[in-house]
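Given next are the chains, with one letter for each unit.
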Amino acid sequence: MSSKSKFLVALVPALGMLAMAPQARAVEPLDTFSGRIGGYITDFDTEVRADGETVSGTPIDLKRDLGLDNSNTIGYVALTWRPWEHHEFGISYYKNDSDSTRVLQRDIEFEDNLYQVNSTVRTDLNVDTYEAYYVWWAASHDTWALGPRFGLVWYKLELSLSLEIDANGNQAGGSVSNSADLDLPTPSIGGSWRWTPADDWRISADVGYFSADINDIDADVVFGRLGVEWFPWERTGISLDYTANKIDADANKSNFNGNVDFTDSGLRLGVVYRF
């Protein structure tokens with residue numbers, strides 16, 4: 001059984017126990033504290049160009065050109081804290097790893113190295129994602145709340161290519177390899193909304209946008225999330241949301257010079273504890 005299947009098998013019974021819980025209690029638009037853990041079905045659509053010292057790199061679609069799977073099921077954790085009535089802070093983390101071995105269908109220039117058509121290349125991608133945000137709940141009522149949101153998603157990307165078999169069919173054993181490491185901070189400014197249409201249901205939405213040149217990274221960021229929560233218990237419930245973060249960034253740094261264009265999106269299903 002794959003690790004993805006094992007994770008889902010472990011998560012489903014926990015959600016089932018919550019669904020059979022008897023006592024429903026009213027949920028408020030805002031929590032003082034909440035913690036959640038669950039599964040994230042990702043769709044990580046990525047294009048990378050890694051320039052060398054003298055030559056511009058080839059724009060590479062990681063799925064089409066290198067065979068990396070866009071979709072994966074991973075775990076995530078998140079916490080929120082509202083120490084004062086109108087001020088909320090939140091953090092979350094997840095990690096996505098992928099690798100593939102592919103016969104190239106075209107020449108690829110990656111950091112001054114040329115990987116020729118018909119050669120076999122191994123690719124490894126590791127992405128650590130850290131998210132933090134702050135919301136000032138300017139309007140807070142019995143059944144809804146609304147306020148400006150300031151968010152930051154920090155991606156740590158590590159992409160490596162190594163030549164396994166050259167274009168002539170000779171074993172290369174990784175003798176030619178390159179790696180690109182990039183810390184990609186993506187801030188956004190927008191708004192957050194919470195609404196409790198029924199005693200044990202809550203709907204939430206967050207949006208954000210940002211365009212700026214920060215720390216040698218010129219990026220355009222669009223962020224959005226829409227979610228629903230059901231609380232069959234007073235403090236414990238189930239959450240389901242769809243989130244998307246689209247980034248187009250040009251970087252001119254010592255460890256990476258080039259462009260990253262990707263969309264990190266997908267469904268998240270989790271268990272929530274709140275008070």
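Parameters and conventions
Residues numbered from 1 in each chain as written. Predicted model: local features only at pLDDT ≥ 70, side-chain atom pairs only at ≥ 80, totals over all residues. Heavy atoms only, no water. Helix = DSSP H or I, 4+ residues; strand = E, 2+ residues; numbered from the N terminus. Buried < 20%, exposed > 50% of the residue type's maximum accessible area, 1.4 Å probe, protein only. Contact = heavy atoms within 4.5 Å. Areas by Shrake-Rupley, 256 points an atom, 1.4 Å probe, with all protein chains shown as cover. Lys, Arg positive; Asp, Glu negative; His and termini not counted. Charge placed at Lys NZ, Arg CZ, Asp CG, Glu CD. Pairing = 2+ DSSP bridges. Phe/Tyr/Trp six-rings, centres within 6.5 Å; stacked < 30°, edge-to-face > 60°. Salt bridge = Lys/Arg side-chain N within 4 Å of Asp/Glu carboxyl O. Core = buried A, V, L, I, M, F, W, Y, C linked by side-chain atoms within 4.5 Å. Polar contact = N/O pair within 3.5 Å; in protein donor to acceptor, adjacent residues only side chain to side chain.

**Student:** Which residues make up the overall build of the chain, and what values go with them?
**Tutor:** Across its full length, the chain carries one helix and 14 strands. In terms of overall dimensions, the chain has C-alpha extents of about 70 × 45 × 25 Å along its principal axes. Of all 275 residues assigned to the chain, the portion counted as buried reaches 44%. The long-range fraction of contacts in the chain, counting pairs at least 24 apart against all pairs at least 6 apart in sequence, stands at 67%. For the chain, the exposed surface amounts to about 13,500 Å²; the carbon and sulfur share of it is 56%. Averaging the coordinates of the 22 positive side-chain charges in the chain and doing the same for the 41 negative ones gives two points 8 Å apart.

**Student:** Explain the pairing of strand β14 (residues 257–274) to me, using residue names and the numbers behind them.
**Tutor:** The pairing of strand β1 (residues 33–50) with β14 spans 17 bridges and is classified as antiparallel. The residue bridging R49 from the neighbouring strand is N259, located in β14. The pairing of strand β13 (residues 236–252) with β14 spans 17 bridges and is classified as antiparallel. Residue pairing in the sheet places K246 in a bridge with T263 of β14. Two successive antiparallel strands, β13 and β14, enclose a turn made up of four residues.

**Student:** An account of the packing of aromatic side chains is needed here, citing residue identities and associated values.
**Tutor:** Under the counting rule described, the total for this entry stands at 10 aromatic pairs. Consider the rings of W193 and W195, whose centres lie 5.9 Å apart with planes at 25°: the pair is stacked. A relative accessible area of 32% places W193 in the partly exposed class. Assessed through its relative accessible area of 35%, W195 is described here as partly exposed. Where Y273 meets F275, the ring centres are 6.3 Å apart and the plane angle is 65°; that geometry is what we call edge-to-face. A connected cluster of aromatic rings, assembled from ring pairs, spans F33, Y273 and F275.

**Student:** So, the pattern of salt bridges: which residues are in play, and what are the values?
**Tutor:** According to the stated counting rule, one finds 20 salt bridges in the structure shown. Across the pair D99 and R122 runs a salt bridge whose closest N-O atoms are separated by 3.9 Å. Linking D99 in strand β4 (residues 87–103) with R122 in strand β7 (residues 120–136), this pair joins segments that are 23 residues apart in sequence. A cluster of three or more residues bridged by salt bridges with shared partners is formed by E131, R149, R194, D206, R225, D241 and R268.

**Student:** Can you lay out the nonpolar core for me, pointing to particular residues and giving the numbers?
**Tutor:** Ranked by size, the top nonpolar core spans 38 residues in total, and within it F110, Y115, Y155, L184 and F256 carry the most contacts. When residues in this core are grouped by element, the largest group, six residues, is from strand β9 (residues 144–165). Beyond its immediate chain neighbours, meaning those up to four positions away, L184 contacts V153, W154, Y155, L157, I217, I247, A249 and F262. Counting five residues, the second largest nonpolar core, distinct from the first, contains L30, Y133, V135 and A145.

**Student:** So what's going on with the side chain of S119? Which residues, and what values?
**Tutor:** In this fold, S119 is placed in the loop between β6 (113–115) and β7. Looking at S119, its side chain comes within polar contact range of the main-chain oxygen of Q116, at 2.4 Å. In this view, S119 contacts R102, V103, L104, L163, I165, D166 and A167; residues no more than four positions away in its chain are not counted.

**Student:** Please provide a residue-by-residue account of the environment of R235, values included.
**Tutor:** Note that R235 resides in the loop between β12 (217–230) and β13. Spatially, the C-alpha atom of R235 lies 5.6 Å from that of Y273, the residues being 38 residues apart in sequence. The contact partners of R235, leaving out residues within four places of it in the chain, are V272, Y273, R274 and F275.

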